[in-house]
Amino acid sequence: MPSLPVRAYTDRLSYERGDQVSVHVSAADPVDVRLVRLISASADEPSLDRPVDWQAAARYAVSLAPTCVGSFLHGDPGPAATASHTRATLGAFVYSGDVGSAPVQSLVSLASGPVLQLRDGRPGLADPGSGDVLVTAGERLADHQWHLVVGMLGPDGVRVLALPVDPLRGVRLDAAASTPVGTVDLTGPVTVAAHRGRAVETVEGATRGQADEHFTGKVELPFVLGSHPDDAQLEALARAEVDVRALEPVAAWDLAFSYGDDPTVARAVVPGQPDGTLVNGPARAVTGRTFTGRCLDFTLATDQYAAAHFHATDLVDAGWPALLTAPLPEELESGVYGIFVENAAGSDVVPISVVPRSSDERRKVAVVLPTFTYLAYANEALFNGLDTSAMTDQEVVVAPESLAHVGDHSFGLSMYDHHPDGSGVMLSAARRQIVNMRRGYRMWVVGGAGRAFSSDMYLIEWLARRGIEADVLTDHEVHQRGADYLRPYSAVVSGSHPEYTSEEMLDALTDYRDGGGGLLYLGGNGWYWVTGVLSDDPLVIEIRRGQAGVRCWESLPGEVTLMSTGLPGGLWRHRGRAPQDLAGVGFAAQGWGHSEPYFRTEAAADPEHAWIFEGVDEEPIGAYGLVMDGAAGDEIDRADVALGTPRHAVVLATSRGHSNFYQRAIEEIPMNLPEHGGGEQDPEVHADIVYFATPGGGEVFSTGSIAWSGSLLQADTENGVSRMTENVIRAFVTRRRDR
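Since the model is a prediction, treat every value here as computed from it, not as a measurement.

The secondary structure content of the protein chain amounts to 10 helices and 43 strands. Scaling as 2.2 N^0.38, a compact globule of 739 residues should have a C-alpha radius of gyration of about 27 Å, and the protein chain matches this with 28 Å. Here the C-alpha coordinates of the protein chain stretch approximately 90 × 60 × 45 Å along the principal axes. The burial tally for the protein chain puts 63% of its 739 residues in the buried class. Counting only contacts in the protein chain whose residues sit at least 6 apart along the sequence, the fraction spanning at least 24 positions is 74%. Seen as two clouds, the 56 positive and the 98 negative side-chain charges of the protein chain have centres 2 Å apart.

Attention now moves to the nonpolar core. Of all hydrophobic cores here, the largest spans 141 residues; its most connected members are Leu148, Leu520, Tyr598, Ile612, Phe701, Trp708 and Met724. In this structure, Leu73, Val108, Leu186 and Val192 belong to the second largest nonpolar core, which totals 41 residues.

With that settled, consider the sheet that holds strand E38 (residues 598-600). Strand order in this open sheet of 8 strands is E30-E28-E31-E33-E43-E42-E40-E38, and the pairing throughout is mixed. Where the open sheet ends on each side, the last strands, each with one partner, are strand E30 (470-474) and E38. Across the sheet, the axes of successive neighbouring strands diverge by a mean angle of 20 degrees, strand direction being ignored. Direction of pairing for strand E40 (residues 650-655) relative to strand E42 (residues 688-693): antiparallel, over a ladder of 4 bridges.

This part takes up the pattern of salt bridges. It is possible for side chains of opposite charge to pair when their charged atoms get near one another. The final tally for this structure, using the stated rule, is 55 salt bridges. Arg140 is the salt-bridge partner of Asp143, the closest N and O atoms lying 3.0 Å from each other. Here Asp143 falls in the partly exposed class, since its relative accessible area comes to 29%. Note that Arg431 is salt-bridged to Asp317, the shortest N-O span being 3.1 Å. Of this pair, Arg431 sits in the loop between strand E29 (427-429) and helix H4 (453-465) while Asp317 is found in the loop between strand E24 (307-310) and strand E25 (322-327), placing the two residues 114 residues apart along the sequence. Taking relative accessible area as the criterion, Arg431 reaches 7% and is therefore assigned buried. Salt bridges here are not isolated pairs; linked through shared partners, they connect Arg573, Arg638, Asp640, Arg664, Glu668, Asp682 and Glu684.

What follows concerns the environment of Thr371. By secondary structure assignment, the location of Thr371 is in helix H2 (residues 371-376). C-alpha of Thr371 to C-alpha of Thr474: the two residues are 103 residues apart in sequence and 6.0 Å apart in space.

Cis geometry marks the peptide bond from Asp537 to Pro538; its omega dihedral reads 5 degrees. When you line up the elements, Pro538 lands in the loop between strand E35 (532-536) and strand E36 (539-542). The phi angle at Trp527 is positive, at roughly 50 degrees, despite the residue not being glycine. One can find Trp527 in the loop between strand E33 (518-521) and strand E34 (529-530). On the basis of relative accessibility, which here comes to 3%, the residue Trp527 falls in the buried class. Of note in the backbone geometry, Asp634 takes a positive phi value of approximately 75 degrees without being a glycine.

So, about the pairing of strand E14 (residues 157-164). Across the 8 residues that make up E14, a large majority, 8, are buried. Burial of E14 is two-sided: the residues Gly157, Arg159, Leu161 and Leu163 facing one way and the residues Val158, Val160, Ala162 and Pro164 facing the other way are all buried. Counting the residues between successive antiparallel strands, the hairpin from strand E13 (residues 147-154) to E14 contains 2 residues. Pairing of E14 with strand E15 (residues 173-177) involves 5 bridges; the strand directions are antiparallel. Within the sheet, the bridge partner assigned to Val158 lies in E15 and is Ala177.

In a regular helix each residue adds 1.5 Å, so 12 residues correspond to 16 Å; helix H7 (residues 503-514) covers 16 Å between its end C-alpha atoms and thus fits that length. Of all the residues in H7, the buried ones are Met505, Leu506, Ala508, Leu509, Thr510, Tyr512 and Arg513. Positive backbone phi, at 105 degrees, marks Gly516, one or two positions downstream of H7.

Moving on, we come to the pairing of E36. Sheet faces and side chains relate simply in a regular strand, where the side chains alternate between the two faces. Of the two faces of E36, the one carrying Leu539 and Ile541 and the one carrying Val540 and Glu542 are both buried. When E29 meets E36, the two strands line up antiparallel, connected through 3 bridges. Across the sheet, residue Ala429 finds its bridge partner in E36, namely Val540. Strand direction decides the pairing type here: E35 and E36, joined by 4 bridges, are antiparallel. Bridging across to E36, Ser535 finds its partner in Val540. Counting the residues between successive antiparallel strands, the hairpin from E35 to E36 contains 2 residues.

For Asp11, the position within the fold is in the loop between strand E1 (6-10) and strand E2 (14-16). A polar contact is formed between the side chain of Asp11 and the side chain of Tyr15, at a distance of 2.5 Å. In this structure Asp11 touches Val21, Ser22, His24 and Arg431, once residues within four positions along its chain are discounted.

Let's shift gears to helix H10 (residues 720-735). With 16 residues, H10 should reach 22 Å at 1.5 Å per residue; the first-to-last C-alpha distance of 22 Å fits that figure. For H10, the buried fraction is high: 12 of the 16 residues fall into the buried class. Residues of H10 that are buried include every one of Gly720, Val721, Ser722, Met724, Thr725, Glu726, Asn727, Val728, Ile729, Ala731, Phe732 and Val733, and no others. One side-chain oxygen at the N-terminal end of H10 lies 3.0 Å from the backbone nitrogen of Val721; it belongs to Asn719.

Let us now look at the packing of aromatic side chains. Following the criterion strictly, the structure yields 15 aromatic pairs and no others. When the ring of Tyr377 is compared with that of Tyr500, the centres are 6.4 Å apart and the planes differ by 85 degrees; the resulting orientation is edge-to-face. Taken as a pair, Tyr377 in the loop between H2 and helix H3 (400-405) and Tyr500 in strand E32 (residues 500-501) lie far apart in primary sequence, 123 residues in all. As far as burial versus exposure is concerned, Tyr377 and Tyr500 are alike and both buried.

Parameters and conventions
Residues numbered from 1 in each chain as written. Predicted model: local features only at pLDDT ≥ 70, side-chain atom pairs only at ≥ 80, totals over all residues. Heavy atoms only, no water. Helix = DSSP H or I, 4+ residues; strand = E, 2+ residues; numbered from the N terminus. Rg over C-alpha atoms; globule rule 2.2 N^0.38 Å. Buried < 20%, exposed > 50% of the residue type's maximum accessible area, 1.4 Å probe, protein only. Contact = heavy atoms within 4.5 Å. Lys, Arg positive; Asp, Glu negative; His and termini not counted. Charge placed at Lys NZ, Arg CZ, Asp CG, Glu CD. Core = buried A, V, L, I, M, F, W, Y, C linked by side-chain atoms within 4.5 Å. Pairing = 2+ DSSP bridges. Axes fitted to C-alpha atoms, helices over the stretch in contact; angles between N-to-C directions. Salt bridge = Lys/Arg side-chain N within 4 Å of Asp/Glu carboxyl O. Expected span 1.5 Å × (residues − 1). Polar contact = N/O pair within 3.5 Å; in protein donor to acceptor, adjacent residues only side chain to side chain. Phe/Tyr/Trp six-rings, centres within 6.5 Å; stacked < 30°, edge-to-face > 60°.

Okay, structure coming up:
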């Protein structure tokens, strides 16, 4: 696999002028840092870019940095712990989809040495200090089942015992060795779901740290005893007939989560024991050993959600030291900027957005970069092991920077990936290097064209070439600041793929539209997944996919409610807010065959809509483009009155001729039937261009295709897609001169 000799990220994705920016770099040799206004879409032809005079531009010494990755619990025992216990017991309820996902996984470990482990899925006790494995069970735990796993140490020897919560499906394991163990020091910190937790640090809204031998799976009620309980007591605990307090632990933690709780806090059970710290973002609000299925909302049955899901691949903040922290120039205009970090071995260009202050004079047009979607796809590796011939007839070339992160946990995962136990990735963080959020990134599934940020740079360049001045915002500003922040704009323009959306964002965009604003949706598959913000700083977003929609994984039963909001996740469509409700079109189909053009409908000939088509002489529209050679492709949207398209909305053009590589959105297929087909048979596999006005004077223009922006630059911007887009933007601005 290729390597990346220079890796970098910033502490945020967006800033106001004059804000402090921290740049974090991992490299073996000194690097040069500079700031550039990014305007050109191509990294190879940056002729429109503008260098920025920045006081922080200089050469810096740097070193390779370790990454804070892999979640765990770190906590101190209560006052009854001493340094000379003759007997000790380590225990926890554990569950994993793959108990053998790593050769050695630590469940509960003491600072003094002894650790309760899984070794190839088999419970055991080890002494890391001596390197000795004290005892190991002869069989693996059962996957997908809860077990109480305990390890006992004392003068008579050592023992591991696993008791299934469900005796029908779990396994009972018991192994002992006569090796005596001297006194055990229980006074130091305990690490749960890993070994040797260290460098634990709380930074703003998250806690980061490092550890070894991570466990990937759920843990409930981890504990440490200064004694040996008898089998009857442990059997009763496994059957939930007694509380762990009856065993008089010196340390124990309750991982039940209530909405509004600090997700980094593990509540101590023992009187006088300090609360523990959950590090690197394990999932909370997940089902535990007592889950019955009668209530699917953690806010209503906290006791059934008393587990945390730990993963060796969890990351909320990479934790690299800051190479520099300096203010951005006070005079910076709103726009996209790149922080160039370079040396002789390589380079990285970290994009940031400079957004207007609320008090700044605004331009008439704003582009909202869909940064929550960038995070959802951050460092995705769907290409790894995938037979792409079933997905596309385009040439598939995986970028070297994408190959470089496969299997390297320091990059974190995307929300399209799986953790080592097979569970889906619910959280995604901004404080890490994101290789596919770079100008010029070539996406493997769209014929090597841009996607996400690199596709949105087509729009940024096009605006500059057409002389349309625009402020740049991100999802985070819309989420935090709401409709009042958008109100000064005559036209608000989406990016190419605003798929991941919070309720606050939907409310802001709807209020802006209904208050007289002009909304241009120049993308596809927008406003699709319910998204929560778990932390604003560092920025961490959350999803729960549920059991519907086009997905690479689905939530476990009972795990659809977001811990960040206390409300259901899944599709906005299934919460009564389908994309058609906001923009008139919503997700219809996806595919990665040849993109197709749009054909005008009869309504397009109505003189009332002539302003949209002024100067658009081509028919069909958009039979060209960087994204698979057409304007309608990748993921496409259509109008549907039943899902919220206003009845007076006008479908001005529609695509046709999509191949069977394009398949109907799965949530619209209630039953699989033979020869159902795709674009060649299904008339609903198409994209619509829609226009409508709102009673409050607002207007909406939607193109319903991710590929649209890839056609804007064709023929040096002299084309029908470009002309139509410019017509609408300029008309929206003209009609709202007083905003």
